[in-house]
Amino acid sequence: MKTLGIIAGLGPLAGAHFYRRVIELSPAISDAEHIPVILISEPSIPSRIEHLSGSGESPVPKLVDVAEKLVHAGANLIAMPSTTTSIYHEQIASQIPIPMISLIEEVADTVEKSGKRKIGIMGTTPTRTFRVYENAFHKTGIEAVYPDEKTQSEIMEVITAVKSASASGFSSQVGRADDSIKELGKQAVQLAQKPWSQDLDGILLACTELPVIFPPDASVVPKLRGALFRSTDILATAVIRELYACDYLVPSL
């Protein structure tokens, strides 16, 4: 089987969660049947948010460097579980000799196949500002709806709390960490239920920090307006499809 290379550390919990979901969604029934994975979690990659806000250096050279390391280590396909960083997808993909799967395109394809046409985007402020999903959604007749300014600010606070693990109350003590995750997840659900989400067909957890904390579908979907799309699961399913050469796996909605 071909080998998956993961550009992680964007942030670290999101990268680790993505790898876990690749394992959990895999059709493998034994250790030997799982996808070979090379993961590089590189925390020194410059802040994408700072660069896009005009106050930091470009992360592209470091991202390309990580991608090249994955190639040299034997990766045959690269995945990057980060919606904000996907703004740089083409700049990275054009400089490496192996395919790099597009999170944005996979999300758009999954939403199109679901039949949903009006999707709320919960992501970073740059995702909202740069309308990251607009082109891909427009091609398939999907309308992207973004939160109001206040709600967007609150979503960013939750995302930052996940990225800043120590500041959000995470710790090496499993019980305290679980409590913090549950609290942040509860906040995220409340933000998804605010007035901005009225009349939606579904909500996309665009920022890959959000699926880390969002409760399981069975407990949360009945509280939301429409379907729930998890960017992490969509990318993991696409990777599995490509590397197992199968298309029977469908992300949970």
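The chain goes by Amino acid racemase in an unreviewed UniProt entry, where it is assigned to Alicyclobacillus fastidiosus. Quoted straight from UniProt, the Sequence similarities (unreviewed entry) entry for the chain says "Belongs to the aspartate/glutamate racemases family."

Our focus in this paragraph is the overall build of the chain. Counting secondary structure elements, the chain contains twelve helices and seven strands. For 253 residues, the compact-globule estimate of 2.2 N^0.38 gives 18 Å, and the chain sits close to it at 17 Å. In terms of principal-axis extent, the alpha carbons of the chain reach across some 50 × 40 × 40 Å. Taking all 253 residues of the chain together, the buried fraction comes to 52%. Taking the intrachain contacts of the chain between residues at least 6 apart in sequence as the baseline, contacts between residues at least 24 apart amount to 72%. Of the roughly 11,400 Å² of accessible surface on the chain, a fraction of 50% belongs to carbon and sulfur atoms. Here the chain contributes 23 positively and 29 negatively charged side chains, and the mean placements of these two sets differ by 4 Å.

Another point: the nonpolar core. Counting 36 residues, the largest nonpolar core has Leu4, Phe18, Ile121, Tyr133, Phe137 and Leu204 as the members making the most contacts within it. Breaking this core down by element, the ones donating at least two residues are β1 (4–8), α1 (12–25), β3 (77–79), α5 (103–114), β4 (118–122), α7 (134–139), β7 (227–230) and α12 (231–244). Per-element accounting of this core gives the leading share, eight residues, to α12. For Tyr133, the contacting residues outside a window of four places in its chain are Thr83, Leu103, Ile104, Val107, Ile121, Thr127, Tyr146, Leu204 and Ala206. Ile155, Met156, Ala188 and Leu200 belong to the second-largest nonpolar core, a separate cluster that totals 25 residues.

Tallied over the full model, the rule gives one aromatic pair. Above the face of the Tyr146 ring, Arg131 is positioned so that its terminal group lies 4.3 Å from the ring centre.

Calculation rules
- Residues numbered from 1 in each chain as written.
- Predicted model: local features only at pLDDT ≥ 70, side-chain atom pairs only at ≥ 80, totals over all residues.
- Heavy atoms only, no water.
- UniProt positions renumbered as here; feature names shortened; annotations may be inferred.
- Helix = DSSP H or I, 4+ residues; strand = E, 2+ residues; numbered from the N terminus.
- Rg over C-alpha atoms; globule rule 2.2 N^0.38 Å.
- Buried < 20%, exposed > 50% of the residue type's maximum accessible area, 1.4 Å probe, protein only.
- Contact = heavy atoms within 4.5 Å.
- Areas by Shrake-Rupley, 256 points an atom, 1.4 Å probe, with all protein chains shown as cover.
- Lys, Arg positive; Asp, Glu negative; His and termini not counted.
- Charge placed at Lys NZ, Arg CZ, Asp CG, Glu CD.
- Core = buried A, V, L, I, M, F, W, Y, C linked by side-chain atoms within 4.5 Å.
- Phe/Tyr/Trp six-rings, centres within 6.5 Å; stacked < 30°, edge-to-face > 60°.
- Lys NZ or Arg CZ within 6 Å of the ring centre and 35° of its normal.

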